[in-house]
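Remarks on the overall topology
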Amino acid sequence: MKVGLFIPCYVDQCYPQVGMATVELLERLGVEVDYPEDQTCCGQPMANSGCGDAAIPLIERFARIFGDHEHVVCPSGSCASMVRVHYRTLIGDRASPELRARLDRLARSTRELCEFLTDVLELEHASGRFAHKVGLHHSCHGLRELRLGSGSERRIPRFDKVGRLLAGLDGIELVEPVRSDECCGFGGTFAVTEDAVSCAMGRDRLAAHERAGAEIVTAVDMSCLMHLDGLIQRDRRPLRVMHVAEILAAAAAA
């Protein structure tokens, strides 16, 4: 099986190890990875800031680059959601029939990494060893738009798809923070325009993970982890963050 690998711009620029872990993990599972080098931002920062028109050229570019792939895999719930949920709404009636067909195809083919592993490769659980206490942060886009979790709206025990993969690792202990479905407070530009509220929300999430006994906080979105890691370093908390792809790749190599 061959996939088109979509690496979000902030992962490419700030956290390339997450992209490399994604490639390593997919190749270990026998997947052929095609990384189009002319890919760029999906347009989510513009759309989230209310500048939808500025996202249109990026949507058109993304459709040209990835529109013919049978599967598009992305190690980010928010960017996968941007492509799958929001592209067609943002471009509206401005899309040509060819572009609309490509966007329809992308809405069916684009998946977050763990979603691809469970839904397409039908992986029941990941293999390898990772002997740590891990708290799983439920990023909003993955939880509420990609529907990676299940349970009541008030309390979601763990991501079905992500938690199932992690729970299969030898030695891992998944710990559950209270109010596990709450936002970390990042929200893109929300962290800039409402920094005090954003930081308070992030510190609340970290305190919950600490009380649950976590050593490592993981998520499907490095943007959430970037926000939380900044607070960890500022407050000198005894925690560290790892993207779920890093955990799965490290466990498989152990």
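Overview of the structure. (Residues numbered from 1 in each chain as written. Predicted model: local features only at pLDDT ≥ 70, side-chain atom pairs only at ≥ 80, totals over all residues. Heavy atoms only, no water.)

1. Re the pairing of strand 7 (residues 216–219)
- Across the two faces of strand 7 the burial is the same, with Ile-216 and Thr-218 and Val-217 and Ala-219 all buried.
- Bridge count between strand 5 (residues 133–136) and strand 7: three bridges; the pairing is parallel. If you follow Gly-135 over to strand 7, its bridge partner there is Val-217.
- Relative to strand 8 (residues 240–243), strand 7 is paired through four bridges, and the arrangement is parallel. Counterpart to Ile-216 in the pairing with strand 8 is Arg-240.
- In this region the chain leaves strand 7, passes through helix 12 (residues 222–235) and returns to the parallel neighbour strand 8; the handedness of that crossover is right-handed. (Buried < 20%, exposed > 50% of the residue type's maximum accessible area, 1.4 Å probe, protein only. Helix = DSSP H or I, 4+ residues; strand = E, 2+ residues; numbered from the N terminus. Pairing = 2+ DSSP bridges. Right-handed = clockwise from strand over helix to strand, strands pointing away.)

2. What to know about the pattern of salt bridges
- With the rule as written, the count across this model stands at 15 salt bridges.
- The residue Asp-68 makes a salt bridge to Arg-102 at a minimum N-O spacing of 3.2 Å. Of this pair, Asp-68 sits in the loop between helix 4 (52–66) and strand 3 (72–74) while Arg-102 is found in helix 6 (residues 97–109), placing the two residues 34 residues apart along the sequence.
- Across the pair Asp-68 and Arg-105 runs a salt bridge whose closest N-O atoms are separated by 3.3 Å. (Salt bridge = Lys/Arg side-chain N within 4 Å of Asp/Glu carboxyl O.)

3. Here we look at the side chain of Ser-198
- Examined against the element boundaries, Ser-198 turns out to sit in helix 11 (residues 195–212).
- Judged by relative accessible area, Ser-198 falls into the buried class, the value being 0%.
- There is a polar contact of 2.5 Å between the side chain of Ser-198 and the backbone oxygen of Gly-185.
- Once residues lying within four places of it in the same chain are set aside, the contact partners of Ser-198 are Cys-184, Gly-185, Phe-186, Phe-190, Ala-191 and His-227. (Polar contact = N/O pair within 3.5 Å; in protein donor to acceptor, adjacent residues only side chain to side chain. Contact = heavy atoms within 4.5 Å.)

4. Topic: the packing of helix 4 against helix 6
- In contact at an axis separation of 10 Å, helix 4 and helix 6 are set at 70° when each is read in the N-to-C sense. With respect to helix 6, the axis of helix 4 lies roughly perpendicular. The segment helix 4 lies against helix 6, with Ile-59, Glu-60, Phe-62, Ala-63, Arg-64 and Phe-66 engaging Leu-99, Arg-102, Leu-103 and Leu-106.
- The class makeup of the residues in the contact of helix 4 with helix 6 is seven nonpolar, no polar and three charged. (Axes fitted to C-alpha atoms, helices over the stretch in contact; angles between N-to-C directions. Parallel < 35°, antiparallel > 145°, perpendicular 65-115°, else oblique. Nonpolar A, V, L, I, M, F, W, Y, C, P; charged D, E, K, R; others polar.)

No statement about biological role is implied by the geometric values presented.
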